[in-house]
Amino acid sequence: MQAENGVRGRRASDISVSIEEAIREGRLAPGAQLPTVRSLADRLEVSPSTVSAAYRYLRQRGVISTHGRGGTRVHNRPPVEASVTFLERGEDL
């Protein structure tokens, strides 16, 4: 199954990767609200604990943040991946 914005997966690691891809590709913008754990679990046909584990991992990495009753949102400034080609060339910042 696949949820809105292309979030997909059967395991927590797959779900977290698909959320990061959606952010990187602009399908989920900074500040965008994510579905509740139960809602996303229903859409993906997985256990709520699986989605909870994916959200916990993303929260620990600073990709998403929780706002109590305000829900879970893409962090306003998600971590940026360094360009591998830039680093491989050994260029200075």
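Residues numbered from 1 in each chain as written. Predicted model: local features only at pLDDT ≥ 70, side-chain atom pairs only at ≥ 80, totals over all residues. Heavy atoms only, no water.

Things to note about the overall build of the protein chain
Defined as follows: Put simply, DSSP H or I for four residues or longer makes a helix, DSSP E for two residues or longer makes a strand, and each gets a number counted from the N terminus. Throughout, a contact is declared for two residues whenever any of their heavy atoms are within 4.5 Å. Using the Shrake-Rupley algorithm and a 1.4 Å probe, accessible areas are obtained, with residue cover drawn only from the displayed protein chains.
Looking only at helices and strands, one finds 4 helices and 2 strands in the protein chain. Helices and strands in the protein chain line up, N terminus first, as α-α-α-β-β-α. For the protein chain, restricting intrachain contacts to residue pairs at least 6 apart in sequence, the fraction spanning at least 24 positions comes to 51%. Within the structure as shown, the protein chain displays about 6,100 Å² of accessible surface, and the carbon and sulfur contribution to it stands at 48%.

Structural notes on the nonpolar core
Heads up, the condition is: Think of a nonpolar core as a cluster: buried Ala, Val, Leu, Ile, Met, Phe, Trp, Tyr and Cys residues, connected wherever their side-chain atoms sit within 4.5 Å. Think of it in three bands: with a 1.4 Å probe and only protein chains considered, a residue is buried below 20% of the maximum accessible area for its type, exposed above 50%, and partly exposed in between.
Counting 19 residues, the largest nonpolar core has Ile15, Ile19, Leu28, Leu40, Val51 and Tyr55 as the members making the most contacts within it. Going through the elements one at a time, helix 1 (12-24), helix 2 (37-44) and helix 3 (48-60) are the ones with two or more residues in this core. Not counting residues within four places of it along the chain, the set of residues in contact with Ile19 comprises Val7, Leu28, Tyr55 and Leu58.

Side note on the packing of helix 2 against helix 3
The condition that has to hold: Every axis in this analysis is a line fitted to C-alpha atoms, fitted for helices over the stretch in contact. Angles between the N-to-C directions lie between 0 and 180 degrees. Note on convention: near helix rotated counterclockwise from far helix by under a right angle means a left-handed crossing. Clockwise means right-handed. Three classes are used, and their members are as follows: Ala, Val, Leu, Ile, Met, Phe, Trp, Tyr, Cys and Pro are nonpolar, Asp, Glu, Lys and Arg are charged, and the others, Gly among them, are polar.
Put simply, helix 2 and helix 3 touch, their axes get as near as 8 Å, and they point 120 degrees apart. Helix 3 is crossed by helix 2, and the crossing has right-handed handedness. Here helix 2 contributes Val37, Arg38, Leu40 and Ala41 to the contact with helix 3, which in turn contributes Pro48, Val51, Ser52 and Tyr55. The residue makeup of the contact of helix 2 with helix 3, split by class, is 6 nonpolar, 1 polar and 1 charged.

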